[in-house]
2 protein chains.
Amino acid sequence: MQNPVLRKRYRVFKWEKKMTQKQAMTIYEENRRKLLAFRYVNFVTEWDHETEAPAGAIPLEATQQGVLAEMEYRLQTDPVFLEAVELLYEDRNQLDSILAHELEEQHRQIDEMRKIPMEEYTAFREHLAHTYPVYVKAKQQNDYASFAPYLERIITYNRNLTKYLEQPGKTGYDVLLDRFEPGFLKRDYDGFFDLLRRELVPFAAKINASKLEGDFSFGKKTYPREEQIRFCEYLRDVMCVDRNHSVMRESEHPFTTGFGTDDIRITNHYYEDNLPSAIFSAIHESGHGLYMAQVDPTLNDTLSWDGASMAMHESQSRFYENMIGRSPLFWKVHYPKLKETFPEQLRDVPQETFIRYINQSGYSFIRTEADELTYPLHIMLRYEVEKAVVEEGLRAEDIPAFWNERFRDYFGMTPPTDTLGVLQDVHWATGEFGYFPTYALGSAYAAQIYAAMERDLDVEKALASGTTREINEWLREHIHRYGASKYPKEILKLATGEEFDPGYYVDYLVHKFTEVYGV
Amino acid sequence: MQNPVLRKRYRVFKWEKKMTQKQAMTIYEENRRKLLAFRYVNFVTEWDHETEAPAGAIPLEATQQGVLAEMEYRLQTDPVFLEAVELLYEDRNQLDSILAHELEEQHRQIDEMRKIPMEEYTAFREHLAHTYPVYVKAKQQNDYASFAPYLERIITYNRNLTKYLEQPGKTGYDVLLDRFEPGFLKRDYDGFFDLLRRELVPFAAKINASKLEGDFSFGKKTYPREEQIRFCEYLRDVMCVDRNHSVMRESEHPFTTGFGTDDIRITNHYYEDNLPSAIFSAIHESGHGLYMAQVDPTLNDTLSWDGASMAMHESQSRFYENMIGRSPLFWKVHYPKLKETFPEQLRDVPQETFIRYINQSGYSFIRTEADELTYPLHIMLRYEVEKAVVEEGLRAEDIPAFWNERFRDYFGMTPPTDTLGVLQDVHWATGEFGYFPTYALGSAYAAQIYAAMERDLDVEKALASGTTREINEWLREHIHRYGASKYPKEILKLATGEEFDPGYYVDYLVHKFTEVYGV
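Here is what the cut-offs are and how they apply
Residues numbered from 1 in each chain as written. Chains lettered and ligands numbered in written order. Predicted model: local features only at pLDDT ≥ 70, side-chain atom pairs only at ≥ 80, totals over all residues. Heavy atoms only, no water. Helix = DSSP H or I, 4+ residues; strand = E, 2+ residues; numbered from the N terminus. Rg over C-alpha atoms; globule rule 2.2 N^0.38 Å. Buried < 20%, exposed > 50% of the residue type's maximum accessible area, 1.4 Å probe, protein only. Contact = heavy atoms within 4.5 Å. Areas by Shrake-Rupley, 256 points an atom, 1.4 Å probe, with all protein chains shown as cover. Lys, Arg positive; Asp, Glu negative; His and termini not counted. Charge placed at Lys NZ, Arg CZ, Asp CG, Glu CD. Buried area = accessible area lost by both parts, 1.4 Å probe. Salt bridge = Lys/Arg side-chain N within 4 Å of Asp/Glu carboxyl O. Polar contact = N/O pair within 3.5 Å; in protein donor to acceptor, adjacent residues only side chain to side chain. Phe/Tyr/Trp six-rings, centres within 6.5 Å; stacked < 30°, edge-to-face > 60°. Lys NZ or Arg CZ within 6 Å of the ring centre and 35° of its normal. Expected span 1.5 Å × (residues − 1). Least-squares fit on C-alpha atoms with pLDDT ≥ 70 in both. pLDDT = per-residue confidence, 0-100. Axes fitted to C-alpha atoms, helices over the stretch in contact; angles between N-to-C directions. Parallel < 35°, antiparallel > 145°, perpendicular 65-115°, else oblique. Left-handed = near helix turned anticlockwise from the far one by under 90°. Nonpolar A, V, L, I, M, F, W, Y, C, P; charged D, E, K, R; others polar. Patch = residues over 30% accessible without salt bridge, like charges linked within 9 Å, V, L, I, M, F, W, Y side chains within 5 Å. Arc of directions from axis to C-beta. Pairing = 2+ DSSP bridges.

## Notes on the overall build of chain A
For chain A, the count of helices and strands is 21 helices and 3 strands. For a compact globule of 519 residues, the expected C-alpha radius of gyration is about 24 Å, and chain A comes in at 24 Å, within 12% of that figure. Once the C-alpha set of chain A is aligned to its principal axes, its extents read approximately 80 × 50 × 50 Å. Out of the 519 residues in chain A, the part that is buried amounts to 59%. Taking all contacts inside chain A whose residues are at least 6 apart in sequence as the whole, residues at least 24 apart take part in 73%. As presented, chain A carries roughly 21800 Å² of accessible surface, and 50% of it is formed by carbon and sulfur atoms. The averaged location of the 84 negative side-chain charges in chain A is 3 Å from the averaged location of its 61 positive side-chain charges.

## Topic: the interface of chain B and chain A
Contact with chain B, which involves 53 residues of that partner, is made by 52 residues of chain A. Carbon and sulfur atoms supply 59% of the area buried between chain B and chain A, which totals about 4500 Å² over both sides. A salt bridge links Asp 48 of chain B to Arg 265 of chain A; the nearest nitrogen and oxygen atoms lie 2.6 Å apart. Summed over the shared surface of chain B and chain A, the result is 14 residue pairs in polar contact (both at pLDDT 80 or more).

## Details of the side chain of Asp 263 of chain B
With respect to the helices and strands, Asp 263 of chain B occurs in the loop between strand S2 (256-258) and strand S3 (264-268). Residue Asp 263 of chain B is classed as buried on the basis of its relative accessible area, which comes to 0%. At 2.8 Å, the side chain of Asp 263 of chain B forms a polar contact with the side chain of Arg 265 of chain B. In contact with Asp 263 of chain B, other than residues within four places in its own chain, are Ala 53, Pro 54, Ala 57 and Glu 61 of chain A together with Phe 43, His 245, Thr 257 and Gly 258 of chain B.

## A look at the environment of Ala 129 of chain B
Along the polypeptide, Ala 129 of chain B turns up in helix H6 (residues 118-140). A relative accessible area of 54% means that Ala 129 of chain B is categorised as exposed.

## Remarks on the packing of aromatic side chains
Under the counting rule described, the total for this entry stands at 78 aromatic pairs over all chains. Between Phe 436 of chain A and Tyr 439 of chain A, the aromatic rings sit 6.0 Å apart at their centres with planes inclined by 85 degrees, giving edge-to-face as the arrangement. Consider the rings of Tyr 144 of chain B and Phe 147 of chain B, whose centres lie 6.1 Å apart with planes at 85 degrees: the pair is edge-to-face. With Tyr 144 of chain B and Phe 147 of chain B both in helix H7 (residues 144-165) and 3 residues apart, this pair spans about one turn of that helix. Judged on exposure class, the residue Tyr 144 of chain B and its partner Phe 147 of chain B are both buried. Through successive ring pairs, a cluster of aromatic residues spans Phe 216, Phe 218, Phe 231, Tyr 234, Phe 280, Phe 330, Trp 331, Tyr 335, Phe 354 and Tyr 357 of chain A. Over the ring of Tyr 89 of chain A we find Arg 92 of chain A, and its NZ or CZ is 3.9 Å from the ring centre.

## What to know about helix H16 (residues 399-411) of chain A
All names here are of chain A. Across its 13 residues, H16 extends 17 Å between first and last C-alpha, which sits within 8% of the 18 Å expected from 1.5 Å per residue. Of all the residues in H16, the buried ones are Ile 399, Pro 400, Phe 402, Trp 403, Asn 404, Phe 407, Tyr 410 and Phe 411. Phi turns positive one or two residues past the end of H16, at Gly 412, with a value near 70 degrees.

## Things to note about the relation of the copies chain B and chain A
The two copies are related by a screw motion: chain B maps onto chain A through a turn of 180 degrees and a shift of 0.0 Å along the axis, at an RMSD of 0.0 Å. What the superposition gives is, in effect, a two-fold axis relating one chain to the other. Both copies contact each other with a shared surface, as 98% of the interface residues of chain B are interface residues in chain A too.

## Things to note about the confidence of the model for chain A
Residues and elements named next belong to chain A. For chain A, per-residue confidence averages 94 on the pLDDT scale, and 97% of positions sit at 70 or higher. Note on residues 1-13: pLDDT is under 50 here. Beyond four places in sequence and across chains, it has 29 contacts. Two summary scores accompany this predicted model of the complex, namely pTM at 0.89 and ipTM at 0.87.

## What to know about the pattern of salt bridges
Within the structure shown, the criterion is met by 80 salt bridges over all chains. Of the charged contacts in the structure, one is a salt bridge between Arg 265 of chain A and Asp 263 of chain A, with a shortest N-O distance of 2.8 Å. Each of Glu 30, Arg 33 and Lys 34 of chain A together with Glu 70 of chain B takes part in one network of salt bridges that share partners.

## What to know about the packing of helix H2 (residues 21-51) of chain A against helix H3 (residues 58-77) of chain A
Residues and elements named next belong to chain A. The geometry of H2 relative to H3 is characterised by a closest axis approach of 10 Å and an angle of 160 degrees between their N-to-C directions. Compared by their axis directions, H2 and H3 come out roughly antiparallel. Both H2 and H3 take part in a crossing whose hand is left-handed. Two secondary-structure elements touch here, H2 through Asn 31, Lys 34, Leu 35, Phe 38, Val 41, Asn 42, Thr 45 and His 49 and H3 through Ile 58, Glu 61, Gln 65, Leu 68, Met 71, Glu 72, Leu 75 and Gln 76. The residue makeup of the contact of H2 with H3, split by class, is 7 nonpolar, 6 polar and 3 charged.

## Overview of the environment of Thr 156 of chain B
Residue and element names in this part refer to chain B. Positionally, Thr 156 belongs in helix H7. The class of Thr 156 is partly exposed, set by a relative accessible area of 34%. Residues Thr 156 and Arg 395 lie 239 residues apart in sequence; the distance between their C-alpha atoms is 9.7 Å.

## Considering the packing of helix H15 (residues 375-391) of chain A against H16 of chain A
Residue and element names in this part refer to chain A. For the pair H15 and H16, the least separation of the axes is 10 Å and the interaxial angle reads 145 degrees. Crossing geometry of H15 relative to H16 is assigned as right-handed. Together, Leu 377, His 378, Met 380, Leu 381, Arg 382, Glu 384, Val 385, Ala 388 and Val 389 of H15 and Ile 399, Phe 402, Trp 403, Arg 406, Phe 407, Tyr 410 and Phe 411 of H16 make up the contact between the two elements. Residue composition of the contact of H15 with H16, by class: 12 nonpolar, 1 polar and 3 charged.

## Some details on the environment of Gly 191 of chain A
Residue and element names in this part refer to chain A. By the element assignment, Gly 191 lies in helix H9 (residues 186-209). We classify Gly 191 as partly exposed; its relative accessible area is 38%. The spacing of Gly 191 and Asp 501 is 310 residues in sequence and 9.4 Å in space, taken between C-alpha atoms.

## Considerations on the side chain of Arg 32 of chain B
Residues and elements named next belong to chain B. Tracing the backbone shows Arg 32 in helix H2 (residues 21-51). Taking relative accessible area as the criterion, Arg 32 reaches 13% and is therefore assigned buried. Apart from residues no more than four positions distant in its own chain, Arg 32 is found in contact with Leu 99, Glu 102, Asp 301, Thr 302 and Leu 303.

## Here we look at a nonpolar patch on the surface
Residues and elements named next belong to chain A. On the surface, a cluster of nonpolar side chains totalling about 360 Å² of accessible area is made up of Tyr 73, Met 113, Met 118 and Tyr 121. Inspection of the secondary structure puts Tyr 73 in helix H3. Residue Tyr 73 is classed as partly exposed on the basis of its relative accessible area, which comes to 36%.

## Examining helix H20 (residues 488-496) of chain B
Residues and elements named next belong to chain B. Within H20, burial applies to Pro 488, Ile 491, Leu 492, Ala 495 and Thr 496. Buried positions in H20, seen along its axis, are confined to an arc of 110 degrees and lie on one side of it. As for H20, its buried residues are in contact with helix H12 (310-324), helix H17 (437-456) and helix H19 (469-478). In the stretch just after H20, Gly 497 is the one whose phi turns positive, near 75 degrees.

## A closer look at the pairing of strand S3 (residues 264-268) of chain A
Residues and elements named next belong to chain A. Counting buried positions along S3 yields 5 of 5 residues, so the element is predominantly enclosed. Residues Ile 264, Ile 266 and Asn 268 point to one face of S3 and Arg 265 and Thr 267 to the other, with burial holding for every one of them. Note: strand S1 (residues 246-250) against S3, 5 bridges, orientation parallel. Its bridge partner being in S3, Met 248 is matched across the sheet by Ile 266. Of the pairings in the sheet, the one linking strand S2 (residues 256-258) to S3 comprises 3 bridges and is antiparallel in character. Paired with Thr 257 across the two strands is Arg 265, which belongs to S3.

Here it is as structure tokens:
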């Protein structure tokens, strides 16, 4: 339904032919209030579906979510609103920098919406709906051939996107990359992955050929759910995730969501035969949560709350999980508490053995099961596939051969089935090309950020205090508080004083695994 | 924002001056879809606040809920929608009976909205916001005098309402009563409460003077939370509340909510020193849940899903809780399971002792602590206060004296403080006059329904099967399936073949407590 105030204003514009900046601002703010309310609705309904709603309720509620999405779409595409954004965008240099950035983002989205033909977009969404069940079945039955024609059409759409959205200095695969990590293009990723290929492929092979010393039989013992929850709640306090503004619940796959700095929701999953799983999920998800909670609260009323990008978000979760959570410095302080929680299971396990255990490396066919060292190689492979698809005309039917060959080059083994190879991830089936590379970028950001932090802060001393408070504070000051009010490259530069440099990441990995494996 | 389709249509009407019925129907259905989506939003966000959201998140989210409420209000008051309702309402006899009833309800609400001056309504809502904290403090500090002027203004508003909304045959207090239980007016309630006053006041006095035989010391033992949950989940299955379409969680105060027949959410609260509390909450709330789940599913897409009225809903929860859940027939089947769950605590407790224990009666100052027999007397007292306030000019400052005198008449004791008297309930402080009486009506409906059911069904045999399935089916057929597509009086007549007759209720109570107490 129409807002009578806006209707009146709209008529005024029709007479005058041009909004004033003040009118545009009123309209923009009014619409933003409503868009934020819909963000809240999406946040709560998705949380509800993941954690609470009975399974049988989904179809009826999907209908309501469809109606709400329609209303939200009308808000986003309301012609008066679009006119206001255009006008404010033109004058953005007169506005404060936070609003100017937000308008740039809004403008980018509107521009994209205008350049992609509506019928093509709609047909693509429909195609995706049909593709998903085909993909699921193909993965179950190791039947890539049945999926290939569906994927081919997704590829065509993505290739078309690159034509619709290209600009001087941003062509081909750049266009897709830029949509997921603004400002990171082929030249950035090429440099990054070239380094990984050169340094990490041979290093990982060396590590994989070595044997890690220690009796790791404790890993096969039973760790009761209730005690795991108790220890993970302890970790939440160690990380100072404020209980008044956060909850930790359970779901099939751990995730973090939130609405503004005051409502952070983390889930975990507890396997009684796998202690590290819940521990590192708790730390990883709390890292996402801290990022959300430490955004400058004045951004709660804007569209710039939450992290700056996919990779920047992932950098924070990986930072806590890997750099902090798997470090000897951390377990020196907290291993006694873990032993106290599982006295029986860990009785004869020295701290060093536990630390080696949680830092094992080994080749895996499956990305999501990979360790810290080999993980980026899985991403590198996907980057190469996507680039070849978008820029070199690689066809869907030829991806498995490409995949398996590169996999052998990097891991020295060939996936025995496509289910363990090209079919393992859902991303391409849901239309997402350009997303994967951000997964590797996050860890590289984290290593560079860690190096900058160490110039300001004695991390060992900070951790010895028993909590991560000082580390949180450093991250709040240098990364978190900006939320999404700046682009990731800008924040990285402000935080570290340097441009993106993947050398920190490679150094970190080589140093760490050399030490763990004693090679 | 405006729906372009509607905008176009709206212009058509402006030219033609009158909508066609077909146009009105399109507009009505379009708006109803959106209103249903907002119902879903309200359902999920309220559930989330009661069960999941961290405490510190409330203020930021209240802002979003305010924006959403504003959007919903605009939908409800959109002039084009109102015009469509008017037109369809006039022609309702040509429509199917479900839609006709829905339009009657919509029309009633719109009519009410038009007759209450907007400024007065807004000022009243604002007054309520100021009143609430004053009430809470007054109750805490037993300081009625500080609350009285606030209540006086609420009374004035309610008296004014009766003038704005009166109609031939519906005057004074009738107007307020009708808003909560459509069709039930003073003449109905007067007859009902006169009977209770005449029969139950002396009977309750007799019961209160008797002593119940048995060793009830088991009631003071500890009943661990986990086992209580297990037994309540068992009860959920006994009552056939489908697990695929319902959840049972925890909250401070038990409640039931839902969205359509496919999403029923029940909460409970477990006190380790009070076993009956969780058991009867589980049965009571499952009764509400079954009503929601057994509405004809075609009503999911209308505004007529959910129960027919406050009292009709309460009749179903009380039916299961009291008539079924506290009966010897029920525990003959399920007491062994309870003993199995708490073997230690219930070792020496015979079934008859347990049944007497859960059917004790005793006077209490507090309504929410009252037992099945004395509960309606608490409501009768509130009915008399409200009637005197609305029709006989009783002033806020004089309510405590009125209350205490009647309390002595009915319970033979005087509340030592106003906190234990007139200040105990929040209802009047939140503006609700006319709501309380429905609380007593529900049990009376239940007794009449039970009598009708017994004419069709051997309840003892039905319960002996181990579940309430046959009982559920009878209620589905005779009550539940109608949802809110008919008025409660109509449903009661269809289900029982008779007009409302409170004699069934008095007979049921007298018979039951005579038997339990052996008097």
